[in-house]
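Chains, contacts and geometry: an overview
Here is what each chain is made of, one letter per residue.
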Amino acid sequence: MGSLGESSTYVRMMNSLEALGLDAMASALPGYEEMVSNGEMGFCTAVMELAAMEVDRKNGKEMERRVKSAGFPYVKTLDDFDFGFQPSVHKPTVIGLSSLGFLERAENVLLVGNPGVGKTHIAIALGVEAVRARKEVRFIDCARLVADLKDAASRGLVEKRIKYYAHCTLLIIDELGYLDIDDEGADLLFRLVSARYEHRSTIVTTNVGIGAWADVFGDAVTASAIADRLVHHCTLLKITGPSYRMKDLPRDTKRIGEEA
Ligand code: ADP
Ligand code: MG
């Protein structure tokens with residue numbers, strides 16, 4: 001370390017950096033100080049690089065906060081998705097979606113397939129891309145969404161709650177169809193989907209093909225009204241392959257639903 005290392009100026013500078021929370025700058029500073037005093041690096045370049053470190057750190061933290069507040073159950077990206085394992089997923093379509101043009105056009109994405117085929121993974125990965133692009137994203141399990149809207153309705157706050165879910169740039173409704181939805185729930189979901197229709201994008205993951213949504217909602221009219229608005233401007237990704245969770249089972253192991 002150069003002569004500055006022991007001086008009171010150095011100590012005061014370190015204290016100030018610490019007080020400002022510029023930790024990356026403070027820990028890299030001794031190395032830069034040496035390069036500047038040896039004449040290996042100009043002062044401005046050193047300050048520019050140190051400041052860039054702090055900007056990166058701040059952006060990283062901000063992104064972490066945004067990812068957290070989106071409510072993803074886990075964080076996965078498209079780089080983590082093995083397209084080779086799931087050939088029924090049309091890779092160029094998914095990569096195209098990740099450029100987020102669908103958000104600008106307020107289009108939807110519907111991911112249909114059996115459990116474990118990667119629907120939630122792809123939905124999260126697209127959500128993470130949107131967060132990276134600084135869009136407001138909200139991920140919620142369908143049953144929780146319905147319960148939350150019902151709770152708001154019981155307290156006379158449903159308009160406000162629908163507005164809250166209608167507002168975000170991308171709403172991801174996960175696992176529609178795992179639990180049946182009663183008339184009140186179906187009506188609330190319809191109101192939310194209508195509020196977003198042609199204004200904001202929604203991604204829905206479901207294990208139930210649209211043709212069978214009447215069974216989920218217990219009412220064919222509401223089911224088709226919801227489906228109608230979701231699929232009007234929509235990319236449908238139908239995943240027909242095996243569950244990724246079963247991938248390590250030996251090839252001759254019978255899977256659930258297969259003939260014994
Ligand atoms: P579901 O279709 O039931 O929503 P998930 O997306 O939750 O399934 O996938 C189950 C698990 O398997 C997750 O951990 C997910 O990251 C992983 N997974 C699924 N498909 C793939 C894939 N093709 N490549 C890598 N991981 C995958
Ligand atoms: Mg899922």
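In the block above lies the structure referred to throughout.
Let us look at the structure shown here. (Residues numbered from 1 in each chain as written. Chains lettered and ligands numbered in written order. Predicted model: local features only at pLDDT ≥ 70, side-chain atom pairs only at ≥ 80, totals over all residues. Heavy atoms only, no water.)

1. Digging into the side chain of D148
To keep things clear, this is the line we draw: Secondary structure is summarised from DSSP: a helix means a run of H or I of at least four residues, a strand means a run of E of at least two, and numbering begins at the N terminus for each. Exposure is judged per residue with a 1.4 Å probe applied to protein chains only, and the accessible area is read against the type maximum: over 50% gives exposed, under 20% gives buried, and values in between give partly exposed. The contact criterion used throughout is that any non-hydrogen atoms of two residues lie within 4.5 Å.
Within the secondary structure, D148 sits in helix α7 (residues 142-154). Exposure remark for D148: the relative accessible area of 19% places this residue in the buried category. When neighbours within four sequence positions are excluded, D148 is seen to be in contact with R161 and Y165.

2. Digging into the sheet that holds strand β5 (residues 234-239)
This is how it is decided: Strand pairing requires that DSSP identify at least two bridges connecting the strands. Every axis corresponds to a line fitted to the C-alpha atoms, with the helix fit spanning only the stretch in contact, and the corresponding angles, defined between N-to-C directions, vary from 0 to 180 degrees.
Taken together, five strands build an open sheet; the order of strands is β2-β3-β4-β1-β5 and the sheet is parallel. Only two strands of the sheet have a single partner each, and these edge strands are β2 (137-141) and β5. Geometrically, the sheet is characterised by an average inter-axis angle of 10° between neighbouring strands, direction not taken into account. In this structure, strand β3 (residues 170-176) lies alongside strand β4 (residues 201-206), joined through five bridges in parallel fashion. Pairing of I172 across the sheet is with I203, part of β4. Lying over the sheet, helix α4 (residues 91-98) contacts β1 (108-113) and β5, oriented at roughly 140° with respect to β5.

3. Brief notes about the pairing of β1
Most of β1 is tucked away: six of the six residues are buried. Side chains of β1 alternate between two faces, with N108, L110 and V112 and V109, L111 and G113 buried alike. With six bridges joining them, β1 and β5 adopt parallel strand pairing. Each bridged residue has a counterpart across the sheet, and for V112 the counterpart in β5 is K238. Alignment of β1 against β4, held across four bridges, turns out to be parallel. In the strand pairing of β4, L111 is matched with T205.

4. What to know about helix α1 (residues 8-19)
Here is the rule we go by: Multiply 1.5 Å by the residue count of a helix minus one, and that product is the helix's expected span.
Between its first and last C-alpha, α1 extends 16 Å over 12 residues, near the 16 Å set by a 1.5 Å rise per residue. Contact partners of the buried residues in α1: α2 (23-37). A positive backbone phi angle near 75° is found at G21, which sits one or two residues after α1.

5. Describing the packing of aromatic side chains
Selection criterion: Centres within 6.5 Å make a pair out of two Phe, Tyr or Trp rings, where for Trp the six-membered ring is used; the pair is then stacked when the planes are under 30 degrees apart, edge-to-face when over 60, and tilted otherwise. Here, over-ring charges are defined by two tests on the NZ atom of lysine or the CZ atom of arginine: distance to the ring centre within 6 Å, and angle to the ring normal within 35 degrees.
Taken as a whole and judged by the stated rule, the model has five aromatic pairs. For the pair F72 and F139, a centre-to-centre distance of 6.1 Å together with 65° between the ring planes defines the contact as edge-to-face. Pair noted here: F72 is in the loop between α3 (43-70) and α4 and F139 is in strand β2, with a separation of 67 residues, a long-range link. Here the guanidinium or amino end of R161 rests over the ring plane of Y164, the centre of that ring lying 4.4 Å away.

6. A few points about the pattern of salt bridges
Selection rule: One side-chain nitrogen of Lys or Arg within 4 Å of one carboxyl oxygen of Asp or Glu is enough to make a salt bridge.
Applying the stated criterion across every chain yields a total of 11 salt bridges. The salt bridge partner of R132 is E129, with a shortest N-O separation of 3.1 Å. Remark: E129 and R132 occur in helix α6 (residues 119-132); sequence separation between them is three residues, near one turn of the helix. Across the pair R191 and E159 runs a salt bridge, and its minimum N-O distance is 2.8 Å. In this pair, R191 sits in helix α9 (residues 183-196) while E159 sits in helix α8 (residues 158-167), placing the two residues 32 residues apart along the sequence. Through salt bridges that share partners, E62, R65, R66 and R134 make up one connected network.

7. Section: α7
The condition is simple: Think of it as the arc spanned by the lines of direction from the helix axis to the C-beta atoms. We call two N or O atoms a polar contact when they sit within 3.5 Å, provided that within protein one can donate a hydrogen and the other can accept it, with sequence-adjacent residues counted only if both atoms are side-chain atoms.
Look at α7: 18 Å from first C-alpha to last across 13 residues, which is about the 18 Å you get at 1.5 Å a residue. Among the residues of α7, C142, L145, V146, D148, L149 and A152 are the ones counted as buried. Along α7, the residues classed as buried sweep out an arc of 160° about the axis, all on the same side. For α7, exposure combined with an orientation more than 90 degrees from the buried face picks out R144 and S154. In this structure, the buried residues of α7 make contact with β2, α8, β3 and α9. Backbone nitrogen of A143 and a side-chain oxygen of the N-cap are separated by 3.2 Å at the start of α7; the cap is D141. A positive phi of about 70° marks G156, the residue just after α7.

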